[in-house]
Amino acid sequence: MEKICVIGVGYVGLVSGAGLSEFGHDVTCVDIDEVKINLLNDGKIPIYEPGLQSLVESNCRNSNRLHFSIDISKSIKDSSVVFIAVGTPQKKNGKVDLSFIDSAANMIADNINDYKIICTKSTVPVGTGERIEKIILSKNKSTMFDYVSNPEFLREGSAVNDFMIPDRLIIGARTSKAYNIMKNVYRPLYVNETPIMNTSVETAEMIKYAANAFLALKISYINEIANLCEDVGVDVHDVAKAMGQDGRISPKFLHPGPGYGGSCFPKDTLALSHLGKKFNKPLKTIEAAIEVNNNQPMRMIEKLNNLLDNKISGKKVAILGLSFKPKTDDIREATSVKIIPELVRLGVTIHAYDPIAMNNFRNQFPDINYFENWEEAIRDTDACIILTEWNEFRGIDLIKIKSLMSEPVILDAKNILSISKLEELEFKYDNVGRKISL
Ligand code: UGA
């Protein structure tokens, strides 16, 4: 078993650290954020991620294999494998901010005391591995380490499961020694015959961007088809279902909606598009996917305005769902973040509710009205928009909604409600690419 240091306790670092300790390794997760580390040492998890609390608890308390510390230098020195899982935010110009990566690389450079694997999990542009290697080499001999790129494919909301049962493992390693150590790190997966690909460092970096951008492209594609379905009187769900039955297409990521959000797709598509431009190979498909995605939330506002007979100003609107997807409290690049300020600008009074993400949203938008449950949020409103497909909204009681609202007007931006039920109850409604009645 290896002694592992994971730098960065964001959702990638934390889930990976907990997962690696579950595999039997002795893991220390480190971060410069003392508040987060103290929280973790008190048994509290700073993010909402199903299954993570119990995984962390069992590996900290029961087996004592998972530790949290702010002593980054010591943890690097004590480890044989160091994972870099720090944030790679987007700069104003759309490029990736590598300052956290650089400082992690410098910490490693200053503390390497014997041979180690240095492995990046953060999503980083092609060429970043080489940049990290150069930083470490500026202060150390090449025999002191091997660099590995090991991108993760965790989805928020199901990250623990994705870590424990991944579709594939990508290990970008330049030497067979490094590849074999990494295979050993992931031994339980290797034994379970998880497909493992040994690639170059640059290939591994590219795979991550190409995969995320392709998924984003798929979503923008189905959203454009959905928008067209509205004009030609076709239900996009029938189209997507039939498309998905073709094994070459697959049914996944063909669900239309208000556009993709989160900390990955918006950032990664932009970063890949920048890379294309840098090498004078503009990625036109990705640029189009970005443009479609930028327009989709604004289409939701147009739809709402239509439902309200173009008199949106002065109306009360309930927003059900604030997180960028269900089972997470993450609101980064969520549709709610794009739509709500615009609705406020148009003179709308917002009644917001989300089962988990409300505190995060309140920190960013303190001035809108928040309610503890959907019933209260919806009371006396002129319209309601569903922006996140939380399970509690899937089975929502439409009769109750109708009785509580001033007017039974619903924009189902995630296409989760039964159209026949809405028709039967005489709602005025709209959705994305399905049959509508105005
Ligand atoms: C995404 C990828 O799915 C992961 O494989 C990857 O590891 C991760 O990014 C990352 O780079 O770290 P995530 O952003 O957590 O994961 O969530 P997704 O489930 O991919 O959803 C992203 C957005 O697309 C959400 O806003 C979701 O509502 C939207 N979406 C997804 C659709 O609008 N339609 C779909 O059919 C699927």
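Residues numbered from 1 in each chain as written. Predicted model: local features only at pLDDT ≥ 70, side-chain atom pairs only at ≥ 80, totals over all residues. Heavy atoms only, no water.

Draft legend 1. Broad picture of the sheet that holds strand E8 (residues 196–199). One open sheet holds the eight strands; their spatial order is E3-E2-E1-E4-E5-E6-E7-E8, and the pairing between them is mixed. Both outer strands of the open sheet, strand E3 (66–69) and E8, are each paired with one neighbouring strand and no more. On average, each strand axis in the sheet is inclined to that of its neighbour by 25°, with strand direction left out of account. With four bridges joining them, strand E4 (residues 81–84) and strand E5 (residues 116–120) adopt parallel strand pairing. Bridging from a neighbouring strand, Val81 pairs with Ile117 of E5. Along the sheet face, helix H10 (residues 201–232) touches strand E6 (145–149), strand E7 (169–173) and E8 and points at about 25° away from the line of E6. (Pairing = 2+ DSSP bridges. Helix = DSSP H or I, 4+ residues; strand = E, 2+ residues; numbered from the N terminus. Axes fitted to C-alpha atoms, helices over the stretch in contact; angles between N-to-C directions. Contact = heavy atoms within 4.5 Å.)

Draft legend 2. Seen up close, the site of the ligand. Every one of the 20 residues lining the ligand counts as a neighbour, but Glu156, Lys208, Asn212, Cys264 and Lys325 are closest to it. Take Leu254: an N or O atom from its main chain is 3.3 Å from an oxygen atom of the ligand. Note that a nitrogen atom of the ligand is positioned 2.8 Å from one of the backbone N or O atoms of His255. Mapped by element, the contributors of at least two residues to the shell around the ligand are H10 and helix H12 (265–278). The leading source of residues in the shell around the ligand is H10, at three residues. Per-class residue counts for the shell around the ligand are 10 nonpolar, three polar and seven charged. The two domains that each donate at least three residues to the shell around the ligand are domain 1 (3–199) and domain 2 (213–430). (Near = heavy atom within 4 Å. Polar contact = N/O pair within 3.5 Å; in protein donor to acceptor, adjacent residues only side chain to side chain. Nonpolar A, V, L, I, M, F, W, Y, C, P; charged D, E, K, R; others polar. Domains from an automatic or database assignment.)

Draft legend 3. Structural view of the sheet that holds strand E14 (residues 428–431). Strands sit in the order E11-E10-E9-E12-E13-E14 across an open sheet of six strands; the sheet is parallel. The strands lining the two open edges of the sheet, one partner per strand, are strand E11 (369–370) and E14. Pairing analysis gives five bridges linking strand E9 (residues 316–320) to strand E10 (residues 349–353), with the strands arranged parallel. Of the residues in E10, the one forming a bridge with Ile319 is Ala352.

Draft legend 4. Looking closely at the state of the cysteines. For the structure shown, the criterion picks out zero disulfides. No disulfide involves Cys60; its sulfur sits 8.3 Å from that of Cys29, the nearest cysteine. In this structure Cys60 comes out as buried when scored by relative accessible area, which is 18%. (Disulfide = S-S within 2.5 Å. Buried < 20%, exposed > 50% of the residue type's maximum accessible area, 1.4 Å probe, protein only.)

Draft legend 5. Quick look at the domain arrangement of the chain. When cut into domains, the chain gives domain 1 (3–199) and domain 2 (213–430). Taken over both partners, the interface formed by domain 1 and domain 2 buries close to 1300 Å², and the fraction arising from carbon and sulfur atoms is 55%. Where domain 1 touches domain 2, the interface holds one salt bridge. Between Glu156 and Arg332 there is a salt bridge, and its shortest N-O distance comes to 3.8 Å. In this structure, the connection of domain 1 to domain 2 is made through four residue pairs in polar contact (both at pLDDT 80 or more). Residues that form the side of domain 1 that touches domain 2 fall into these classes: six nonpolar, six polar and three charged. (Buried area = accessible area lost by both parts, 1.4 Å probe. Salt bridge = Lys/Arg side-chain N within 4 Å of Asp/Glu carboxyl O.)

Draft legend 6. Fine view of helix H14 (residues 335–345). Taken together, the buried positions of H14 are Thr335, Ser336, Val337, Ile339, Ile340 and Leu343. Lining the buried residues of H14 we find helix H13 (284–307), E9, E10, helix H15 (358–364) and strand E12 (383–386). Backbone geometry just downstream of H14 places Gly347 in the positive-phi region, at approximately 90°.

Draft legend 7. Spotlight on the nonpolar core. Membership of the largest hydrophobic core comes to 63 residues, with the highest contact counts inside it found for Leu320 and Leu343. Once residues lying within four places of it in the same chain are set aside, the contact partners of Leu320 are Tyr353, Trp374, Ala377, Ile378, Cys384, Ile385, Ile386, Leu387, Thr388, Phe393 and Ile396. Counting 41 residues, the second largest nonpolar core, distinct from the first, contains Val27, Cys119, Val160 and Leu189. (Core = buried A, V, L, I, M, F, W, Y, C linked by side-chain atoms within 4.5 Å.)

Draft legend 8. Spotlight on the pattern of salt bridges. Applying the stated criterion to the full structure yields 24 salt bridges. The salt bridge involving Asp114 is made with Lys116; its shortest N-O contact spans 3.2 Å. Given a relative accessible area of 0%, Lys116 falls into the buried group. Close ionic contact of Arg174 with Glu202 constitutes a salt bridge, the shortest N to O distance being 3.4 Å. Here Glu202 lies in helix H10 and Arg174 lies in the loop between E7 and helix H8 (176–185), a separation of 28 residues in the sequence. Classification of Glu202 as partly exposed rests on a relative accessible area of 25%.

Draft legend 9. The arrangement of the side chain of Asn150 in detail. Looking at the secondary structure, you find Asn150 in the loop between E6 and helix H7 (159–164). Within the local environment of Asn150, its side chain forms a polar contact with the backbone oxygen of Ile170, the two atoms lying 3.0 Å apart. Not counting chain neighbours up to four residues away, the residues in contact with Asn150 comprise Phe83, Cys119, Thr120, Lys121, Leu169, Ile170, Ile171, Met182 and Tyr186.

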